[in-house]
Protein chains: 2
Amino acid sequence: MGLPLNTSVPNKLPGGRNSTAEKLLVAASELMIERSSIEVSLSDIAQKSGVNAALVKYHFGNKDGLLLALLARDAETEVSNLEYLLAQPITPTAKLRLHIAGIIRAYHRFPYMNRLIHYLLHESTAEAADEVSKFFVAPLLDFHRRLLNEGIRAGEFRNIDPVLFYTSLIGACDHLFFGRHAMSRAIGVGPVTDEVCRDYIEHMEALICGGMLKESEWRMANSE
Amino acid sequence: MGLPLNTSVPNKLPGGRNSTAEKLLVAASELMIERSSIEVSLSDIAQKSGVNAALVKYHFGNKDGLLLALLARDAETEVSNLEYLLAQPITPTAKLRLHIAGIIRAYHRFPYMNRLIHYLLHESTAEAADEVSKFFVAPLLDFHRRLLNEGIRAGEFRNIDPVLFYTSLIGACDHLFFGRHAMSRAIGVGPVTDEVCRDYIEHMEALICGGMLKESEWRMANSE
């Protein structure tokens, strides 16, 4: 689930790669990473990219259009990585572990992604939210559906509902980046460092795979 | 984790119960439930409560002050319920299950709570975010710390970090209500009904307690 910064094409643009639009997206993502914020103005983006501000409007309509194209670009890479993962000759459990680590690392490397998703789903227009659902939520849910099927068929996973699974996994991964920000200021929990990320990957792999009860307790609870 | 609507006192008010402030909070929460939204105006709240709009300013400063007081009122009830749960003569595992169900049911009964938390943590002032961290996040984290300690000492839980646990449990519960909204519109996933809530409680209890691997797989993975 790595997210190379400039390998894919904004999906609003017909006819493939457009270098001006791409430059704007690269500048926007770099600014967001530098500032740890999605609050970047169109003129900052224009200045950093060396592109005339009027061209932002031409290519993306408005700022939300640019943010949507940026998330679409990253989602495209993500989705192709999911397909790649699913095709690997490894067990469903191994795929699940790689997927958990992949989500957390992608959020960590591209901290603006989480904020963009929240902003576009909840604070922008209904059309923007629908777009995000279609190019981000739907393919991820579809991947979970297929991975769970594979694991259940292989006898590795319990029978688990994909929508409930999606909700719990994505919610838990997302919250490290969305909730931690607020925790850190007031109650002395530090920021999300590389080490916190590694710890959370380990925590989530263990929790999702085996839960938190000791094995003997879990057997007892299941035989009740 | 039930949240009776008018039993506690807005924590900004010295000298205990103030009936005008309380009326405003009751009106605000009822409007938010009716409209499934936290977008309610001060004049709507004043009208519904029969209180002069100028008194809102007097009691809460501004709208964010009122929203903060509303969340504080509900958090107070929550926190006392956590203390009550911790004192029960049942196993840590049973407490954990009740807690998971309690969080999901509280969010379901008071749909505005989730939106309020997100709004006050991320879209209001730094002071509002700090307040929410102090009266909501900190006591919940402290409860998790004590419950995990109890479960580990009793030999029921693996050794688990409370901050990572808090993040994954609250993130997963929160996402049913925060993420589902966006999913439902574009990709045919329905709204959060009573039945979805019951299913999610069952899903989360099983996932948090025992994970998703079949028992034999989990034993194998752990003996690797």
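Each helix and strand in chain A was counted, giving 11 helices and zero strands. Mapped from its N terminus to its C terminus, chain A presents α and β elements in the order α-α-α-α-α-α-α-α-α-α-α. The 224 residues of chain A split such that 54% are buried. Put simply, 69% of the contacts in chain A that link residues at least 6 apart link residues at least 24 apart. In the structure as shown, chain A presents an accessible area of about 9500 Å², 51% of it carried by carbon and sulfur atoms.

With 59 residues of chain A at the interface, the matching set in chain B holds 59 residues. Where chain A abuts chain B, roughly 5700 Å² becomes buried across the two surfaces, and 68% of that area is made up of carbon and sulfur atoms. Remark: the boundary between chain A and chain B carries zero salt bridges. Counting across the interface, chain A meets chain B through 18 residue pairs in polar contact (both at pLDDT 80 or more). Counting only elements with at least two residues in the side of chain A that touches chain B, the list comes to α5 (92-109), α6 (111-122), α7 (126-153), α8 (162-178), α9 (180-187), α10 (194-210) and α11 (215-223) of chain A.

So, about the relation of the copies chain A and chain B. Once chain A is rotated about the relating axis by 180° and shifted along it by 0.0 Å, it coincides with chain B to within an RMSD of 0.0 Å. The superposition of one copy onto the other is thereby described by a two-fold rotation axis. Closest approach to the rotation axis among the C-alpha atoms of chain A is made by Gly211 of chain A, whose C-alpha sits 1.9 Å away. Most of the interface of chain A is mirrored in chain B: 100% of its interface residues are interface residues there too.

Attention now goes to α6 of chain A. Residue and element names in this part refer to chain A. Compared with the 16 Å implied by 1.5 Å per residue over 12 residues, the 18 Å span of α6 between its first and last C-alpha is a close match. For α6, the tally of buried residues reaches 10 of 12 residues, placing the bulk of the element in the interior. All buried positions along α6 are accounted for by Tyr112, Met113, Asn114, Leu116, Ile117, His118, Tyr119, Leu120, Leu121 and His122.

Residues and elements named next belong to chain B. Orientation of helix α6 (residues 111-122) relative to helix α7 (residues 126-153), taken along the N-to-C sense of each, is 130°, at an axis distance of 6 Å. In terms of their interaxial angle, α6 and α7 are classed as oblique. Contact with α6, carried on its side by Ile117, Leu120 and Leu121, involves Ala128, Ala129, Val132, Ser133 and Phe136 of α7 and no other residues of that element. Partitioning the contact of α6 with α7 into residue classes produces seven nonpolar, one polar and no charged.

Attention now goes to the packing of aromatic side chains. All names here are of chain B. Within this structure, the stated rule accounts for four aromatic pairs over all chains. Note on Tyr107 and Phe177: the rings are 5.6 Å apart at their centroids and 45° apart in plane angle, and the pair reads as tilted. In this pair, Tyr107 is assigned in helix α5 (residues 92-109) and Phe177 in helix α8 (residues 162-178), connecting sequence segments 70 residues apart. We classify Tyr107 as buried; its relative accessible area is 4%. Here the aromatic rings of Phe110 and Tyr112 are separated by 6.1 Å at their centres, their planes lie at 75°, and the arrangement is edge-to-face. Given a relative accessible area of 4%, Phe110 falls into the buried group. On the accessibility criterion, Tyr112 (2% relative accessible area) is buried.

Here we come to the side chain of Ser124 of chain A. Residue and element names in this part refer to chain A. Its location among the elements puts Ser124 in the loop between α6 and α7. Engagement of the side chain of Ser124 in a polar contact is seen with the side chain of Asp64, the distance being 2.6 Å. Dropping the residues within four chain positions of it, Ser124 is found in contact with Asp64 and Tyr119.

Here we take up the state of the cysteines. Residues and elements named next belong to chain A. Within the structure shown, the criterion is met by zero disulfides over all chains. Here Cys173 is not disulfide-linked; the sulfur of Cys197 is the nearest cysteine sulfur, at 9.8 Å. The class for Cys197 is buried, based on a relative accessible area of 4%.

One pass over the structure, following the stated rule, counts 14 salt bridges over all chains. A salt bridge links Glu34 of chain B to Lys48 of chain B; the shortest N-O distance between them is 2.7 Å. With Glu34 of chain B in helix α1 (residues 19-35) and Lys48 of chain B in helix α2 (residues 42-49), this residue pair connects regions lying 14 residues apart in the sequence. The exposed category is assigned to Glu34 of chain B, whose relative accessible area is 52%. A network of salt bridges, in which partner residues are shared, links Glu83, Asp142 and Arg146 of chain A.

Glancing now at a negative patch on the surface. On the surface, a cluster of negative charge is made up of Glu39 and Glu123 of chain A together with Glu39 and Glu123 of chain B. Within the element layout of this structure, Glu39 of chain B appears in the loop between α1 and α2.

For the rest of this paragraph, the subject is the packing of α5 of chain B against α8 of chain B. Residue and element names in this part refer to chain B. Put simply, α5 and α8 touch, their axes get as near as 9 Å, and they point 35° apart. Where α5 crosses over α8, the handedness of that crossing is right-handed. Residue-level inspection shows Leu96, His99, Ile100, Ile103, Ile104, Tyr107 and His108 of α5 in contact with α8, the latter providing Phe165, Leu169, Ile170, Cys173, Asp174, Leu176 and Phe177. Among the residues making up the contact of α5 with α8, the classes are represented as 11 nonpolar, two polar and one charged.

Residues separated by three or four positions in an α-helix point in the same direction, a consequence of the helix having 3.6 residues per turn. Residue and element names in this part refer to chain A. Relative to the 24 Å expected for 17 residues at 1.5 Å per residue, α10 spans 24 Å between its end C-alpha atoms, a close match to the ideal helical length. With 12 of 17 residues buried, α10 is to be regarded as a mostly interior element. Those residues of α10 not exposed but buried are Val196, Cys197, Tyr200, Ile201, His203, Met204, Glu205, Ala206, Leu207, Ile208, Cys209 and Gly210. Note on α10: the residue one or two positions beyond its end, Gly211, has a positive phi of about 70°.

Tracing the chain through its elements places Asn159 of chain B in the loop between α7 and α8. With 11 residues separating them in the primary sequence, Asn159 of chain B and Leu148 of chain B have C-alpha atoms 8.0 Å apart.

Calculation rules
- Residues numbered from 1 in each chain as written.
- Chains lettered and ligands numbered in written order.
- Predicted model: local features only at pLDDT ≥ 70, side-chain atom pairs only at ≥ 80, totals over all residues.
- Heavy atoms only, no water.
- Helix = DSSP H or I, 4+ residues; strand = E, 2+ residues; numbered from the N terminus.
- Buried < 20%, exposed > 50% of the residue type's maximum accessible area, 1.4 Å probe, protein only.
- Contact = heavy atoms within 4.5 Å.
- Areas by Shrake-Rupley, 256 points an atom, 1.4 Å probe, with all protein chains shown as cover.
- Buried area = accessible area lost by both parts, 1.4 Å probe.
- Salt bridge = Lys/Arg side-chain N within 4 Å of Asp/Glu carboxyl O.
- Polar contact = N/O pair within 3.5 Å; in protein donor to acceptor, adjacent residues only side chain to side chain.
- Least-squares fit on C-alpha atoms with pLDDT ≥ 70 in both.
- Expected span 1.5 Å × (residues − 1).
- Axes fitted to C-alpha atoms, helices over the stretch in contact; angles between N-to-C directions.
- Parallel < 35°, antiparallel > 145°, perpendicular 65-115°, else oblique.
- Nonpolar A, V, L, I, M, F, W, Y, C, P; charged D, E, K, R; others polar.
- Phe/Tyr/Trp six-rings, centres within 6.5 Å; stacked < 30°, edge-to-face > 60°.
- Disulfide = S-S within 2.5 Å.
- Patch = residues over 30% accessible without salt bridge, like charges linked within 9 Å, V, L, I, M, F, W, Y side chains within 5 Å.
- Lys, Arg positive; Asp, Glu negative; His and termini not counted.
- Charge placed at Lys NZ, Arg CZ, Asp CG, Glu CD.
- Left-handed = near helix turned anticlockwise from the far one by under 90°.

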